[in-house]
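Residue-level structural notes
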Amino acid sequence: AAKAAGKAAWARFEPRMRHEVVNHARLGSELHNAIIRHELFLMYQPVFDLDTGRMSGAEALVRWQHPARGLVSPADFVPVAERSGLIVPLGSWVLREACEQLARWQAEYGPAAIRSVNVNVAARQLREPGFVDEVAAVLSDTRLGPMNLVLEVTESSVVDGRQVRDTLEALHELGVRLALDDFGTGQSSLSLLRAFPVDVLKLDKSFVDGICDGEDRGRLAVAAAVAQLAEYLDLYAVAEGIETAAQLDRLRRMGYRLGQGYYMAKPLPPAEMAVLMQRTATAVAA
Ligand code: C2E
Ligand code: MG
Ligand code: MG
Ligand code: MG
């Protein structure tokens, strides 16, 4: 039944995003206004426990409803925001909004309905001296525990030096979990996993795409190796971008216990997340 619920969660609502060749300078100045004018909002993509079919958490993904351009993809504006430094206020807004949302959901549907929220953090944010205090303040304001928050960082943003390492150590001390996003696409130096307090490896979608392609032994090998690595290092492994039943089946047999992808659920607006959690709450009560 859990599996059926997961499948039924297939999003009916995913507005088409505009992906275009944009004038970055102009987008940058418009983005500045976007924050002031509240044109940003969050969608949430569930992370499923692949053994039980239950939702364990969700990743917050930012969207920009531009008055003239329509829905703009974060793939277009996040890099622009990183270059201009706007990612710092933007990222602060995402962190607080996502934690407030999780707190409201837990209050309404119970802590078992959704245990954690994943927030993407840019390299620039990690270099802000006040970042750890900010995370601590948001958790305290929302009365969430540190285990309710997963911060997603990429390999490239953690390689740069001492200060970032100290920040990650302090976040780990706080009890917040750290996930390496798009794992396998960057330097993927194994020494990185020992030097930084990593808790979760998120296998990049590109490897998931390759696992059912008989010709592509390379990507299959990476997917299998990451699952093994996680097991030996006592980390969680999450597969992202699962689009087919065959991929899901293969990943489960490789040892992935957590997964995300359009096959189970697309990024959802909060109202659709609520429908999912309501269903879970009813199923548990029954
Ligand atoms: P990401 O963190 O690796 O997020 C996963 C992306 O893959 C999301 O795209 C998600 O919608 C997409 N995805 C998930 N499952 C599937 C699938 O089965 N098939 C396909 N084709 N795609 C799938 P999205 O929302 O467009 O975000 C793109 C990237 O933008 C994110 O990649 C992340 O790097 C960045 N981003 C999004 N929100 C934020 C944010 O709040 N802060 C920062 N710094 N970056 C963000
Ligand atoms: Mg992510
Ligand atoms: Mg990712
Ligand atoms: Mg990615």
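Residues numbered from 1 in each chain as written. Chains lettered and ligands numbered in written order. Predicted model: local features only at pLDDT ≥ 70, side-chain atom pairs only at ≥ 80, totals over all residues. Heavy atoms only, no water.

The protein chain carries the name Diguanylate cyclase (GGDEF)-like protein in an unreviewed UniProt entry, which gives Pseudosporangium ferrugineum as its organism.

**A word on the coordination of the magnesium ion (ligand 2)**
Within the first shell, the magnesium ion (ligand 2) binds the protein through Glu-59 (OE), Asn-120 (OD1), Glu-152 (OE) and Asp-181 (OD), at distances of 2.0 to 2.3 Å. Between the magnesium ion (ligand 2) and the magnesium ion (ligand 3) the interatomic distance comes to 3.8 Å, and Asp-181 is a ligand of both metals. Taken together, the residues Glu-59 in strand β2 (residues 55–66) and Asp-181 in strand β6 (residues 177–183) connect sequence positions 122 residues apart. Asp-181 carries the same exposure label as Glu-59, and that label is buried. (Donors = N, O, S within 2.8 Å, 3.2 Å for Na, K, Ca; no water. Helix = DSSP H or I, 4+ residues; strand = E, 2+ residues; numbered from the N terminus. Buried < 20%, exposed > 50% of the residue type's maximum accessible area, 1.4 Å probe, protein only.)

**A short note on helix α2 (residues 24–36)**
The end-to-end C-alpha distance of α2 is 19 Å, a good match for the 18 Å that 13 residues give at a rise of 1.5 Å each. Taken as a whole, α2 has its buried residues at Leu-27, Gly-28, Glu-30, Leu-31 and Ala-34. Close packing links the buried residues of α2 with β1 (40–49), β2, α3 (74–84) and α4 (87–109). (Expected span 1.5 Å × (residues − 1). Contact = heavy atoms within 4.5 Å.)

**Quick word on the confidence of the model for the protein chain**
The predicted coordinates ought not to be read in detail in places where the model reports low pLDDT. With 90% of its residues at a pLDDT of 70 or more, the protein chain shows a mean pLDDT of 89. Under a pLDDT of 50 for its full length, residues 1–14 has, in the predicted model, 27 contacts with residues more than four places off or in other chains. Confidence estimates for the predicted assembly give a pTM of 0.92 and an ipTM of 0.98. (pLDDT = per-residue confidence, 0-100.)

**Focus on the layout of surface pockets**
Size it by volume and the largest pocket reaches roughly 1200 Å³. Around the largest pocket, the lining is made up of 43 residues, and of these Glu-59, Leu-61, Asn-120, Asp-181 and Asp-182 lie nearest the centre. Within the residue set of the lining of the largest pocket, elements represented by two or more residues are β2, α3, α4, α5 (123–126), β5 (149–154), α7 (155–158) and β6. A per-class count over the lining of the largest pocket returns 17 nonpolar, 14 polar and twelve charged. Empty space within the second largest pocket amounts to approximately 610 Å³. Along its surface, the second largest pocket is lined by 29 residues, and Asp-49, Ser-56, Tyr-236, Arg-257 and Leu-258 are the ones closest to its centre. Counting residues per element, the lining of the second largest pocket draws most heavily on β2, at four residues. (1 Å grid on protein atoms, 1.4 Å probe; cavity = no way out; pocket = protein on both sides within 12 Å on 5 of 7 lines; lining within 4 Å. Points joined across faces, edges and corners; volume = space filled by probe spheres on them. Nonpolar A, V, L, I, M, F, W, Y, C, P; charged D, E, K, R; others polar.)

**Observations concerning the site of ligand 1**
Lining the immediate surroundings of ligand 1 are 22 residues, of which Arg-63, Asn-120, Asp-181, Glu-243 and Tyr-262 lie closest. Arg-63 places a polar side-chain atom, nitrogen or oxygen, 2.9 Å from an oxygen atom of ligand 1. A distance of 2.5 Å separates a nitrogen atom of ligand 1 from a polar atom in the side chain of Glu-243. Structurally, ligand 1 is housed in the largest pocket. In terms of residue count, β2 provides more of the shell around ligand 1 than any other element does, four residues in total. Split into classes, the residues belonging to the shell around ligand 1 amount to ten nonpolar, four polar and eight charged. (Near = heavy atom within 4 Å. Polar contact = N/O pair within 3.5 Å; in protein donor to acceptor, adjacent residues only side chain to side chain. Sits in = over half its atoms within 2 Å of the grid points.)

**Regarding the packing of helix α6 (residues 131–142) against helix α8 (residues 161–174)**
Remark: α6 packs on α8, axes separated minimally by 9 Å, with the N-to-C direction vectors making an angle of 20 degrees. Here α8 runs roughly parallel to α6, going by the angle between their axes. The crossing of α6 and α8 is right-handed. Taken together, the residues of α8 that come into contact with α6 (itself represented by Phe-131, Val-132, Val-135 and Ala-136) are Thr-167, Ala-170, Leu-171 and Leu-174. (Axes fitted to C-alpha atoms, helices over the stretch in contact; angles between N-to-C directions. Parallel < 35°, antiparallel > 145°, perpendicular 65-115°, else oblique. Left-handed = near helix turned anticlockwise from the far one by under 90°.)

**Notes on empty space enclosed by the protein**
Per the counting criterion, the structure on display carries one cavity of 30 Å³ or more. Taken as a whole, the largest cavity spans an internal volume of roughly 50 Å³. Forming the walls of the largest cavity are Val-153, Val-158, Leu-168, Leu-178, Ala-179, Leu-180, Leu-192, Phe-196, Pro-197 and Val-198. Among the elements that make up the lining of the largest cavity, the one with the highest residue count is β6 (three residues). Grouping the amino acids of the lining of the largest cavity by side-chain chemistry returns ten nonpolar, no polar and no charged.

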